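One letter stands for each residue in the lines below.
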Amino acid sequence: GQSLEQPSEVTAVEGAIVQINCTYQTSGFYGLSWYQQHDGGAPTFLSYNGLDGLEETGRFSSFLSRSDSYGYLLLQELQMKDSASYFCAVRGWSGYSTLTFGKGTMLLVSP
Amino acid sequence: DGGITQSPKYLFRKEGQNVTLSCEQNLNHDAMYWYRQDPGQGLRLIYYSQIVNDFQKGDIAEGYSVSREKKESFPLTVTSAQKNPTAFYLCASSPPPYNEQFFGPGTRLTVL
């Protein structure tokens, strides 16, 4: 099976940088994804790491280290609208098109 | 505009009744998924379908059923056998290579 661990809550102030970590246990997987979900809304895709290293998309970056079974999402220049839940997810080898999600990290951005 | 629609947004049912949640997509994606989300929890996979007329159980399929008669549609039936059906239900679809899933707005089901 697959399991993912991420912090339940992170707080930060506007303009700051925050890192949300994700550690996983899986027998094999294709890659690590990140999704954002505002309260009551649908998850939206942020990034995917199929290879080790850093992927950058605007203010958001994501990192993967397969050897450490670890990844993170880095959010820079935080804005109030970034207050949301962030989920990491792995696409495993079994059920190759399916994702297993972590329980999510609620990010609270204050003025 | 291409996307995924789920209806209704809120649904109330009495205990013991079956209820069907609708999911339609016009993205031309072969793969579709149903997830359940409980408060403060991640998404748990109920069923998925990678092609028309075929579907597979996810991690929590008990008490649920699906059909995939058309590429665009993947309805989910919550049966009376589901012990705790009150939850937020999300439908998603994905194109190859399945690195990104697109989600519908969700249906919040409350069983009274």
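Calculation rules
Residues numbered from 1 in each chain as written. Chains lettered and ligands numbered in written order. Predicted model: local features only at pLDDT ≥ 70, side-chain atom pairs only at ≥ 80, totals over all residues. Heavy atoms only, no water. Helix = DSSP H or I, 4+ residues; strand = E, 2+ residues; numbered from the N terminus. Buried < 20%, exposed > 50% of the residue type's maximum accessible area, 1.4 Å probe, protein only. Contact = heavy atoms within 4.5 Å. Areas by Shrake-Rupley, 256 points an atom, 1.4 Å probe, with all protein chains shown as cover. Polar contact = N/O pair within 3.5 Å; in protein donor to acceptor, adjacent residues only side chain to side chain. Disulfide = S-S within 2.5 Å. Buried area = accessible area lost by both parts, 1.4 Å probe. Salt bridge = Lys/Arg side-chain N within 4 Å of Asp/Glu carboxyl O. Pairing = 2+ DSSP bridges.

Participant: How do you make sense of the overall build of chain B when you look at a structure like this?
Facilitator: Helix and strand content of chain B: zero helices and 11 strands. Based on the C-alpha atoms only, the size of chain B along its principal axes is roughly 40 × 25 × 25 Å. Taking all 112 residues of chain B together, the buried fraction comes to 47%. Sequence separation of 24 or more characterises 52% of the internal contacts of chain B that already satisfy a separation of 6 or more. Accessible area for chain B stands at about 5,500 Å²; split by element, carbon and sulfur atoms hold 48% of it.

Participant: Can you walk me through the side chain of Gln82(B) in this structure?
Facilitator: Residues and elements named next belong to chain B. Along the chain, the position of glutamine 82 falls in the loop between β8 (76-78) and β9 (87-94). Judged by relative accessible area, which is 14%, glutamine 82 ranks as buried. Within the local environment of glutamine 82, its side chain forms a polar contact with the backbone nitrogen of asparagine 84, the two atoms lying 3.0 Å apart. Filtering out sequence-adjacent residues up to four positions away, glutamine 82 remains in contact with Arg36, Glu62, Gly63 and Tyr64.

Participant: Which parts of the structure should I look at to understand the state of the cysteines?
Facilitator: What we call a disulfide is simply a covalent bond connecting the sulfur atoms of a pair of cysteines. All names here are of chain B. For the structure on display, the rule yields two disulfides over all chains. There is a disulfide in this structure between cysteine 23 and cysteine 91, and the S-S distance comes to 1.8 Å. Residues cysteine 23 and cysteine 91 share a disulfide whose torsion about the S-S bond is about -70°; that sign makes it left-handed. A residue pair is termed long-range when its members are at least 10 positions apart, and cysteine 23 in strand β3 (residues 19-25) and cysteine 91 in strand β9 qualify at 68 residues. You'll find cysteine 23 and cysteine 91 in the same group, each marked buried.

Participant: How should I be thinking about the interface of chain B and chain A in this particular structure?
Facilitator: Where the parts come together, the accessible area they lose is often given as the size of the interface. Each partner contributes to the interface: chain B provides 22 residues, whereas chain A provides 19 residues. Both faces considered, chain B and chain A share a buried interface measuring about 1,700 Å² in area, 54% of it formed by carbon and sulfur atoms. If you sort the residues of chain B by the area they bury against chain A, Leu43(B), Tyr98(B) and Asn99(B) come out on top, with a joint share of 30%. For the pair chain B and chain A, the interface holds zero salt bridges. One can count eight residue pairs in polar contact (both at pLDDT 80 or more) joining chain B with chain A. The dominant element in the side of chain B that touches chain A, judged by the number of residues it contributes, is strand β5 (residues 43-51) of chain B, at four residues.

Participant: What exactly am I supposed to notice about the pairing of strand β1 (residues 4-7) of chain B here?
Facilitator: Two faces belong to every sheet, and in a regular strand the side chains alternate between them. Residues and elements named next belong to chain B. By the alternation rule, side chains of β1 split into Ile4 and Gln6, which are all buried, and Thr5 and Ser7, of which none is buried. Note that β1 and β3 share four bridges and pair antiparallel. Across the sheet, residue glutamine 6 finds its bridge partner in β3, namely cysteine 23.

Participant: Is there a simple way to explain the environment of Met106(A) in this structure?
Facilitator: All names here are of chain A. Relative to the helices and strands, methionine 106 resides in strand β11 (residues 105-110). The class of methionine 106 is partly exposed, set by a relative accessible area of 39%. Between the C-alpha atom of methionine 106 and that of glutamate 9, which follows or precedes it by 97 residues, the distance is 4.6 Å. Sequence-distant contacts of methionine 106, defined by excluding residues within four places in its chain, comprise Ser8, Glu9, Val10, Ala84 and Ser85.

Participant: Please explain unusual backbone geometry as it appears in this structure.
Facilitator: Trans is the common state for peptide bonds, and a negative phi is the common state for residues other than glycine. Residues and elements named next belong to chain B. For the bond from serine 7 to proline 8, the omega torsion is -10°, close enough to zero to count as cis. In this structure, proline 8 sits in the loop between β1 and β2 (10-13). Residue proline 97 follows proline 96 across a cis peptide bond; omega there is 5°. Along the chain, proline 97 falls in the loop between β9 and β10 (102-103).

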